[in-house]
Amino acid sequence: MSGELWLIGCGDIFETIAAAWPAIEPDTVLHVVRLESPAAIATPFEERLAAASPQPRVFAALDQSALNFARFDVYARLRLGGRRFCTLIHPSAIVDATAKLGENVWIGAGAVIEARSSIGHNTFVGTRALVLGAAELAAHGWVGAAASVGARAKIGTHCVIGADVRIGAGVEVGRFSSIERPGHYAEPIAERTYIDALFELPVRIYGSARKQAGTAG
Amino acid sequence: MSESILSPEHYFDAGIFRAEQQHIYRKLWIFAGIKQLLAEPDAFLTRTIGGVPVVIQNCGGELRAFENRCAHRQMPLQFEDYGQRRLACRYHGWVYGDDGTVRSIPQEDALYRYSAAERGQLCLQRFALRTVGNFVFVNLAASPAPLETQFTPELLAELEAISAHFSNDAAFARIPARYNWKLNWENVLDTNHVPYVHPRSFLPLLPGMTAAADAAVPARPPATDVSDLSFSTRSTYKLDAQAWHAMVERFGDTDNYYNFYLYPNINFISLAGYVFLIQQFDPVAPERTDVLFTLMVARERKRIPALPAILWGHMKGEKRVLDEDIILLERLQQSLHTQDTRARHGVYESRLVDSARIYARQIAGAA
Ligand code: FES
Ligand SMILES: [Fe+2]
């Protein structure tokens, strides 16, 4: 790729991507729009892109805050504004040619994305994470550093798979779940389940069966 | 200065714990869960109340409470905290009807050969159930006292009005803690701990809360009745405005911290009518309590896509505050021993003194 790219966001993941430039795309000029905090998206940021050349590519880089809704909000607003997105892959990552990657997807340093796997829009895969054969990651997700998603596993939208979490082969994780306690998970995890060091037992959200929420593209 | 009428044994003795289970938890109306999660056919919740496993099942639109124990070999019928499944046993396939009688037994004639009289006796024990708005209460007593003798009509009306604002979705957490349930009940009655235990997390949100207000309470006559132990308060809450607030039907129109104390083991709070948290101190053993958190927001005016993130975010915040209490209360529990020294109360602790007096009367079996 050549041309220009506007990187917008904040936090560690934003700095990681900015710092890896220009190795990610040597021929692309990078412009950065650093938000003060995820909350700063409440104030308009579009005008900060006004100086961009016609049809510049953009990339929204925020972490997994609020089940990835912080990043989703920036992504959805830019998308509504007709921006073109890209997919960014660290040069040290290994991505199989048959893997399908959506837009605004980040694949971190040393990550491995195996054959026939698919990664939905706006999903981030962290440093040295593994996405094994034919695994399916839905949109607006997060896979932390050194985490792994087993072959044929299916991860729902807006999920957080934390650092050092290993999702077993064929395991399904329902949407809006967050698995942040390191370890191996071999059983299916219901939607809206929260497994976190802060709680000894899983926390659940119960109630109205909700249709797919918070998905754009 | 008054010495507590409760001795250290009241916080670790197995015999006293059994007396509490019998005379308090199997006698009073005990909060069991929230109604809006039970709206679907065959929706259910499970609890253990006074040591008895209980299932509350949506039976053709009506909520009914049964002992959660199969009439065959006593397997629990439902397992999860909340779920949706017909009332049937996983062990040998017995299926129950809406009235708790056994509707069908696989291979009944070949394997069981019950007489008609024996067959007629097979049914689940049923318990009294009352809903107050979205609060579901259960009473395990053979002949329960009216709910209105446990909570005043004014308090029941308040609970009904506020719970009408509960969202359809709720986050639920079971938090094991290593202390007697009464330590947590006393802790929430004691507002004077907030500046010391929660100086950064919680105190800054409560500009109006002072123990001095509680010290003024002795003007209130001493409690004589169990219904005197449950009450509500409100104080000023420092609300942090959020975009989603515009998308819900808030309770009230004031930035209040609403605080309900429902004896024996509920502290229900609302943050400005936008967030609701039911904290229950569920006795598991003399020195073990499960703190049960049920957390909701105000009901949606329009769909909030990020609602799971909002509920989970608040749940984490509330748990961090609770952890500040747990770390102290577990220390307190560990330090209790049989030597008969007792807590000493100041005038601001009149609510604790009232609770202890009526509690002692109850566990003596003289309710
Ligand atoms: S224990 Fe329930 S069917 Fe046997
Ligand atoms: Fe506290």
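Residues numbered from 1 in each chain as written. Chains lettered and ligands numbered in written order. Predicted model: local features only at pLDDT ≥ 70, side-chain atom pairs only at ≥ 80, totals over all residues. Heavy atoms only, no water.

**Q** I'd like a description of the domain arrangement of chain A, backed by residues and values.
**A** Residues and elements named next belong to chain A. Taken domain by domain, chain A consists of domain 1 (3-85) and domain 2 (88-207). On a C-alpha basis, the centroid separation for the pair domain 1 and domain 2 is 22 Å. Every contact between the two is made by 23 residues of domain 1 and, on the other side, 22 residues of domain 2. Summing both sides of the interface, domain 1 and domain 2 together bury roughly 1900 Å²; the carbon and sulfur share of this comes to 67%. The tally of links between domain 1 and domain 2 comes to one salt bridge. Across the pair arginine 79 and glutamate 103 runs a salt bridge, and its minimum N-O distance is 2.9 Å. Across the domain 1-domain 2 interface, the total number found is eight residue pairs in polar contact (both at pLDDT 80 or more). Those elements that place two or more of their residues in the side of domain 1 that touches domain 2 are helix 1 (11-19), strand 3 (57-61) and helix 2 (69-80). For the side of domain 1 that touches domain 2, the element with the highest residue contribution is helix 2, accounting for five residues. (Domains from an automatic or database assignment. Contact = heavy atoms within 4.5 Å. Buried area = accessible area lost by both parts, 1.4 Å probe. Salt bridge = Lys/Arg side-chain N within 4 Å of Asp/Glu carboxyl O. Polar contact = N/O pair within 3.5 Å; in protein donor to acceptor, adjacent residues only side chain to side chain. Helix = DSSP H or I, 4+ residues; strand = E, 2+ residues; numbered from the N terminus.)

**Q** Now, about the environment of Val52(B): what can you tell me, with residues and values included?
**A** All names here are of chain B. Tracing the chain through its elements places valine 52 in strand 4 (residues 52-59). Spatially, the C-alpha atoms of valine 52 and isoleucine 326 are 26 Å apart, while their sequence positions differ by 274 residues. Apart from residues lying up to four places away in sequence, valine 52 is in contact with Arg26, Arg47, Glu67, Phe127 and Leu140.

**Q** Report on the packing of aromatic side chains, specifying residues and quantitative values.
**A** Residues and elements named next belong to chain B. Taken as a whole, this structure holds 30 aromatic pairs over all chains when the rule is applied. With a centroid separation of 5.2 Å and an interplanar angle of 85°, the aromatic rings of tyrosine 25 and tryptophan 181 are classed as edge-to-face. One end of the pair, tyrosine 25, is in helix 1 (residues 14-25); the other, tryptophan 181, is in helix 6 (residues 181-189), with 156 residues separating them in the sequence. The residues tyrosine 25 and tryptophan 181 share a single accessibility class, namely buried. When the ring of phenylalanine 135 is compared with that of phenylalanine 137, the centres are 6.4 Å apart and the planes differ by 25°; the resulting orientation is stacked. Taking relative accessible area as the criterion, phenylalanine 135 reaches 0% and is therefore assigned buried. Of the aromatic side chains, those joined through ring pairs into one cluster are Phe31, Phe135, Phe137, Phe151, Phe166, Phe260, Phe268 and Phe276. Residue placement shows lysine 182 over the ring face of tyrosine 11; its charged tip is 5.0 Å from the ring centre. It is arginine 351 that lies over the ring of phenylalanine 231; its NZ or CZ is 3.4 Å from the centre. (Phe/Tyr/Trp six-rings, centres within 6.5 Å; stacked < 30°, edge-to-face > 60°. Buried < 20%, exposed > 50% of the residue type's maximum accessible area, 1.4 Å probe, protein only. Lys NZ or Arg CZ within 6 Å of the ring centre and 35° of its normal.)

**Q** Describe the interface of chain A and chain B, with residues and values.
**A** In this complex, chain A contributes 21 residues to the contact, which on the side of chain B involves 27 residues. Buried area between chain A and chain B, summed over both chains or domains, comes out near 2000 Å², and the portion from carbon and sulfur atoms is 67%. Counting across the chain A and chain B interface gives one salt bridge. A salt bridge links Asp169(B) to Arg192(A), with the shortest nitrogen-to-oxygen separation between them at 3.0 Å. Joining chain A to chain B, the criterion identifies four residue pairs in polar contact (both at pLDDT 80 or more). The element best represented in the side of chain A that touches chain B is strand 23 (residues 203-206) of chain A, accounting for four residues. As paired elements, strand 23 of chain A and strand 11 (residues 170-177) of chain B share three bridges and run antiparallel to each other. Counterpart to Tyr206(A) in the pairing with strand 11 of chain B is Ala170(B). (Pairing = 2+ DSSP bridges.)

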